[in-house]
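An overview of the molecular structure
One-letter residues, chain by chain:
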Amino acid sequence: MYFCPLYSGSSGNALFCQYGNTRLLIDAGKAGRVIGDALEGIGVDPATLDGILITHEHSDHISGAGVMARKYHVPLYATQDTWLAMAGKLGKVPGDLIRTVQSGKGFWLGQIGVEPFSIPHDAADPVGYRLWGGKLSVSTATDLGVFTGDVYDRISGSTLVLLESNHDPDMLRANPHYSPPLKARILGDRGHLSNEACAEALLRLIAGGTRHLILGHLSGENNTPVLARHVSENAMLREGVRPGEDVRLEIALRDETGEVYILKETE
Ligand SMILES: [Zn+2]
Ligand SMILES: [Zn+2]
């Protein structure tokens, strides 16, 4: 199973996954041309994509989705309410490329088993995804105000998890460019996960067996990759977990295509 965070952050999200011959994206939140170039950069012809799974209608997740669907004839998958909320934002999407998913209802997309699950975020019906390739699974959860027990149950035991480490609460509160309502929205239960909340969630995921963790959806103004990593590493060390030895901890960057991670079944 291959996984590559092409882009992750409030300036655009697109995550690539492949198992067997099946290739898909989670979100297409940058210009179609930019995502197409990033795919070609990792040796993937965008025309070979089998689907694009949409998490929610915010523009950093869908801005290139309509273009990619039309240009490469790739089906788009989203919940019913997300489709309604996206109407008018994607341009015309041909009917045969419209697919509807439902939280808690798994399905096969080629050889990949897809499990959408609800996340608490201020969108119509936002979801994260767990993707299965054989016994391996990759889960992604960004844009969530709190890491709920339900989200944990859905992604616990994943081989790899990409989890949001959005902001440092102090940097956010002190940011003069953000209005008080915007700050309240980000800090709220349907906003974004802080570095500290992410670190705590990672410890639970590690206890549940996950050994490969990627921090994603970092804020450009209210966080830095160094700080996000520091908070998660410290939390791990406090619990006796050695990053780099017991677990792999990486960062998905905002404007730089990440590594292609290769996951293998060990036994
Ligand atoms: Zn987002
Ligand atoms: Zn969002």
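Conventions used here
- Residues numbered from 1 in each chain as written.
- Chains lettered and ligands numbered in written order.
- Predicted model: local features only at pLDDT ≥ 70, side-chain atom pairs only at ≥ 80, totals over all residues.
- Heavy atoms only, no water.
- Helix = DSSP H or I, 4+ residues; strand = E, 2+ residues; numbered from the N terminus.
- Polar contact = N/O pair within 3.5 Å; in protein donor to acceptor, adjacent residues only side chain to side chain.
- Contact = heavy atoms within 4.5 Å.
- Donors = N, O, S within 2.8 Å, 3.2 Å for Na, K, Ca; no water.
- Tetrahedral: all angles 85-135°; square planar, octahedral: opposite > 155°, others 65-115°.
- Buried < 20%, exposed > 50% of the residue type's maximum accessible area, 1.4 Å probe, protein only.
- Pairing = 2+ DSSP bridges.
- Salt bridge = Lys/Arg side-chain N within 4 Å of Asp/Glu carboxyl O.

Points about the side chain of His 121
Here His 121 lies in the loop between β8 (112-118) and β9 (127-133). One polar contact links the side chain of His 121 to the main-chain carbonyl oxygen of Gly 191, over a distance of 2.9 Å. Residue contacts for His 121: discarding those within four places in its chain leaves His 56, His 58, Pro 126, Asp 143, Leu 144, Arg 190, Gly 191 and His 192.

Considering the coordination of the zinc ion (ligand 2)
Summarising the metal site, the zinc ion (ligand 2) is bound by the protein donors His 56 (NE2), His 58 (ND1), His 121 (NE2) and Asp 143 (OD), whose distances to it range over 2.2 to 2.5 Å. Considering all 4 donor atoms around the zinc ion (ligand 2), the spread of angles at the metal, 91 to 171°, places the coordination shape in the irregular class. Between consecutive donor residues of the zinc ion (ligand 2), the sequence gaps follow H-x1-H-x62-H-x21-D. If you look at the zinc ion (ligand 2) and the zinc ion (ligand 1), they sit 3.5 Å from each other and are both ligated by Asp 143. Taken together, the residues His 56 in the loop between β4 (51-53) and α2 (59-62) and His 121 in the loop between β8 and β9 connect sequence positions 65 residues apart.

Topic: the pairing of strand β1 (residues 2-7)
Of all 6 residues making up β1, 5 are buried, and the element is well covered by its neighbours. With 5 bridges connecting them, β1 and strand β2 (residues 14-19) associate as antiparallel partners. Paired with Pro 5 across the strands is Leu 15, a residue of β2. Linking β1 to β2, which pair antiparallel, is a turn of 6 residues; within it Gly 9 sits at a positive phi near 150°. Note: β1 against strand β14 (residues 261-262), 2 bridges, orientation antiparallel. What sits directly across from Tyr 2, in β14, is Ile 262.

Digging into the coordination of the zinc ion (ligand 1)
For the zinc ion (ligand 1), the protein coordination sphere consists of Asp 60 (OD), His 61 (NE2), Asp 143 (OD) and His 217 (NE2), at 2.1 to 2.2 Å. For the zinc ion (ligand 1), the 4 donor atoms in the first shell make angles of 93 to 164° at the metal, a pattern classed as irregular. Each donor residue of the zinc ion (ligand 1) belongs to the same chain, and together they define the spacing D-H-x81-D-x73-H. Among the residues examined, Asp 60 registers a relative accessible area of 12% and is labelled buried.

Description of the pattern of salt bridges
One pass over the full model with this rule turns up 9 salt bridges. Asp 255 serves as the salt-bridge partner of Lys 30, at 3.0 Å between the closest nitrogen and oxygen. With Lys 30 in the loop between β3 (22-26) and α1 (32-41) and Asp 255 in the loop between β13 (248-251) and β14, this pair connects stretches of sequence that are 225 residues apart. The closest approach of N and O atoms between Glu 245 and Arg 242, which form a salt bridge, is 3.3 Å. Given a relative accessible area of 60%, Glu 245 falls into the exposed group. In this structure, a network of salt bridges that share partners links the residues Arg 242, Glu 245 and Asp 246.

The analysis is restricted to geometry; functional conclusions fall outside its scope.
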